[in-house]
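Letter by letter, the chains look like this.
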There are 2 protein chains.
Amino acid sequence: MARTAAERLQHEASQGSCAHAVRQEEKAARALAQAEAICRAHGVRLTPIRRKVLETLYTTHKPLGAYDLAEALEPGGRRIAPITVYRALDFLIEQGLAHRLASQNAYIATFQGDSSHEATAFLICEECGGVDEVTSSALTETMANLLNAEGFRAHTKVLEVTGRCAHCQDAH
Amino acid sequence: MARTAAERLQHEASQGSCAHAVRQEEKAARALAQAEAICRAHGVRLTPIRRKVLETLYTTHKPLGAYDLAEALEPGGRRIAPITVYRALDFLIEQGLAHRLASQNAYIATFQGDSSHEATAFLICEECGGVDEVTSSALTETMANLLNAEGFRAHTKVLEVTGRCAHCQDAH
DNA sequence: CTCGCAAAAGTTATTTCATTGCAAAAACCT
DNA sequence: AGGTTTTTGCAATGAAATAACTTTTGCGAG
């Protein structure tokens, strides 16, 4: 199966300088501001816990398990129960700010405002743990055609590819 | 999250007459014979347990959890530990005979011989629980193009769509 | 045939992920 | 402030997957 939470965290620590992690701080700040705007527009509340969860996801930009997040939020505050993290994640996913990677039992922040009618694929690097979020009109169309041909009315699309990102291939 | 094992089983029981279930017995018999041939060709053993797991998946053609399978295999024999089922599933998946639906934490038999370079999408009906396995050259190409453009070397592709199948839409 | 090896299955326990049910607190709205 | 809704806290449990180790089985070489 997917790697364990502990492995994921260690992985992250040892690979912090991978291209995927570069500039995430700046992007995170902007994305967070945008998330606040979105929540205001939706008339929902980005509470401290939700905000902290989202921020953690943004700054790592690597898939984190719910228990990883609980651990990451602990320092400086009190111990956070898993259910609290799950509730925050549910909220963020509902608002299109986060995404569950089914193949990893892990969660990630979305940088592109989840245009829900589009097909978005997640490319998960097995080496550096980084995730790229890609959409293309070709993919969206192809999926739409496929579903139409089958008469299938889609509710949720899970498009996840694991493998090796370009950067990690270069690095052998 | 995905429905629990118990719900899944009850679901199956109450929806046994859905179109997805029709004719599965005949197909299952043929598929099983073919599976035996494949294993012989690969020089691996389709042991009784593995065979029974595969058969159960074939005859339901609905996603089953590992614990569902353990339960399903029990009657007539002795209690089977989860790990045994997981080992059988690992084997079947390795041989391209079964597939894990990551979004459901469940497993299903594959009818099309896993041509591993092709992109295969799984359409999962939320109403009847049936799963359709679809491939198209367009999908395969689109995915290949997308991955090429990103310089991403794919290892495993997870394409799962949940929604409503044509039959269940007709039935309102 | 039987010895010995490797593959498979058994056993028991544990880890990881996710949810349930109910109580307390904080935010919002007059 | 009073009442409502939303959010969070807390304890326990359920569900999925794996770990470590032993026993059994299949099968080829001597």
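Residues numbered from 1 in each chain as written. Chains lettered and ligands numbered in written order. Predicted model: local features only at pLDDT ≥ 70, side-chain atom pairs only at ≥ 80, totals over all residues. Heavy atoms only, no water.

Inclusion rule: UniProt positions are given in the numbering used here, feature names are shortened, and annotations may be inferred rather than shown by experiment.
In the nomenclature of an unreviewed UniProt entry, chain A is known as Transcriptional repressor of Microvirga terricola. Per its UniProt entry, chain A bears the Sequence similarities (unreviewed entry) comment "Belongs to the Fur family."

1. Comments concerning the overall build of chain A
The criterion, for reference: Every helix listed is a DSSP run of H or I at least four residues long, and every strand listed is a run of E at least two residues long, numbered separately from the N terminus. Per-residue accessibility, obtained with a 1.4 Å probe over protein chains only, is compared with the maximum for each type, and a residue is labelled buried under 20%, exposed over 50%, and partly exposed between these values. Residue contacts follow a heavy-atom distance rule, with two residues in contact if any of their heavy atoms lie within 4.5 Å. Reported accessibility uses the Shrake-Rupley method at a 1.4 Å probe radius. Residues are deemed covered only where the shown protein chains occlude them.
The helix and strand tally for chain A stands at 7 helices and 5 strands. By residue count, 45% of the 172 residues in chain A fall in the buried class. Looking at chain A alone, contacts between residues at least 24 apart form 59% of all its contacts between residues at least 6 apart. Total accessible area on chain A is roughly 8900 Å²; 49% of this is exposed by carbon and sulfur atoms.

2. Some words on the packing of helix α3 (residues 48-60) of chain A against helix α4 (residues 66-73) of chain A
All names here are of chain A. Where we set the bar: Note on geometry: axes are lines fitted to C-alpha atoms, helical ones only across the stretch in contact, with angles between N-to-C directions running from 0 to 180 degrees. Orientation categories follow fixed angle ranges, with anything under 35 degrees roughly parallel, anything over 145 roughly antiparallel, 65 to 115 roughly perpendicular, and all other angles oblique. Classes in brief: Ala, Val, Leu, Ile, Met, Phe, Trp, Tyr, Cys and Pro nonpolar; Asp, Glu, Lys and Arg charged; the others, Gly included, polar.
Between α3 and α4, the shortest axis-to-axis distance is 10 Å and the interhelical angle comes to 105°. As far as their axial angle goes, α4 and α3 are roughly perpendicular. Between α3 and α4, the contacting residues are Lys-52, Val-53, Thr-56 and Leu-57 on the first element and Leu-69, Ala-72 and Leu-73 on the second. Class assignment of the residues belonging to the contact of α3 with α4 gives a composition of 5 nonpolar, 1 polar and 1 charged.

3. Examining the side chain of Thr-140 of chain B
Residues and elements named next belong to chain B. What counts, and what does not: Polar contact is defined as a pair of N or O atoms within 3.5 Å, subject to the rule that within protein one atom must be able to donate a hydrogen and the other to accept it, and that residues adjacent in sequence are counted only when both atoms are side-chain atoms.
As for its position among the elements, Thr-140 is in helix α6 (residues 137-150). Among the polar contacts made by the side chain of Thr-140, one reaches the main-chain amide nitrogen of Ala-119 at a distance of 3.3 Å. The contact partners of Thr-140, leaving out residues within four places of it in the chain, are His-117, Glu-118 and Ala-119.

4. Concerning helix α6 (residues 137-150) of chain A
This is how it is decided: Expected helix span is given by 1.5 Å per residue-to-residue step, counting one fewer step than there are residues.
Under the 1.5 Å per step criterion, the end-to-end length of α6 of chain A is 20 Å for 14 residues, consistent within 8% with the ideal 20 Å. Looking at the buried side of α6 of chain A, the elements it contacts are β3 (120-125) and β5 (153-164) of chain A together with β3 (120-125), β4 (131-135), α6 and β5 (153-164) of chain B. Looking one or two places after α6 of chain A, you find Gly-151 of chain A, whose phi comes out positive at around 70°.

5. Re the pattern of salt bridges
All names here are of chain A. Quick note on the threshold: Salt bridges are defined as contacts in which a side-chain nitrogen from Lys or Arg sits within 4 Å of a carboxyl oxygen from Asp or Glu.
Evaluation of the coordinates by the stated rule reveals 6 salt bridges over all chains. A salt bridge links Arg-51 to Glu-36, with the nearest nitrogen and oxygen atoms 2.1 Å apart. One end of the pair, Arg-51, is in helix α3; the other, Glu-36, is in helix α2 (residues 24-42), and 15 residues separate them in sequence. A relative accessible area of 29% means that Arg-51 is categorised as partly exposed.

6. A short note on the nonpolar core
The cut-off we apply is this: In plain words, nonpolar cores are sets of buried Ala, Val, Leu, Ile, Met, Phe, Trp, Tyr and Cys residues tied together by side-chain atoms within 4.5 Å.
Leu-139 of chain A together with Leu-139 of chain B are the most contacted members of the largest nonpolar core, which totals 30 residues. Of all the secondary structure elements, the ones that give two or more residues to this core are β3, α6 and β5 of chain A together with β3, α6 and β5 of chain B.

7. Looking at unusual backbone geometry
All names here are of chain A. At His-61, a residue that is not glycine, the phi angle is positive and equals roughly 55°. Relative to the elements of secondary structure, His-61 occurs in the loop between α3 and α4. Not every positive phi belongs to a glycine, and Asn-105 is a case in point at roughly 50°. Relative to the helices and strands, Asn-105 resides in the loop between β1 (98-101) and β2 (106-109).

8. Digging into the packing of aromatic side chains
Under the convention used in this document: In this analysis, rings of Phe, Tyr and Trp, with Trp reduced to its six-membered ring, are considered paired at centre separations within 6.5 Å, and the interplanar angle assigns stacked below 30 degrees, edge-to-face beyond 60, and tilted for intermediate values. Think of it as a cone above the ring: NZ of Lys or CZ of Arg counts as a charge over the ring if it is within 6 Å of the ring centre and within 35 degrees of the ring normal.
One pass over the structure, following the stated rule, counts 4 aromatic pairs over all chains. In this structure, Arg-50 of chain A is placed above the aromatic ring of Phe-91 of chain A, and the distance from its NZ or CZ to the ring centre is 3.8 Å.

9. Digging into the interface of chain A and chain B
Here is the rule: Two parts placed together each lose some accessible area under a 1.4 Å probe, and the buried area is that loss summed for both. Two strands are said to pair when DSSP picks up at least two bridges between them.
Across the contact, 37 residues belong to chain A and 37 residues belong to chain B. The junction of chain A with chain B conceals about 2900 Å² of combined surface from both sides, 66% of it contributed by carbon and sulfur atoms. It is Leu-146, Phe-152 and Val-161 of chain A that lose the most area in chain A upon contact with chain B, and together they represent 19% of the buried surface on that side. At the surface where chain A touches chain B, the tally comes to 0 salt bridges. Here chain A and chain B share 15 residue pairs in polar contact (both at pLDDT 80 or more) between them. When residues of the side of chain A that touches chain B are traced back to their parent elements, those giving at least two are β3, β4 (131-135), α6, β5 and α7 (166-170) of chain A. In terms of residues, the side of chain A that touches chain B owes the most to one element, β5 of chain A, which gives 12 residues. Of the residues that constitute the side of chain A that touches chain B, the class distribution is 19 nonpolar, 10 polar and 8 charged. Bridging between β5 of chain A and β5 of chain B involves 11 bridges; their strand directions are antiparallel. Residue Arg-164 of chain A lies in a different strand from β5 of chain B, and its bridge partner there is Arg-153 of chain B.

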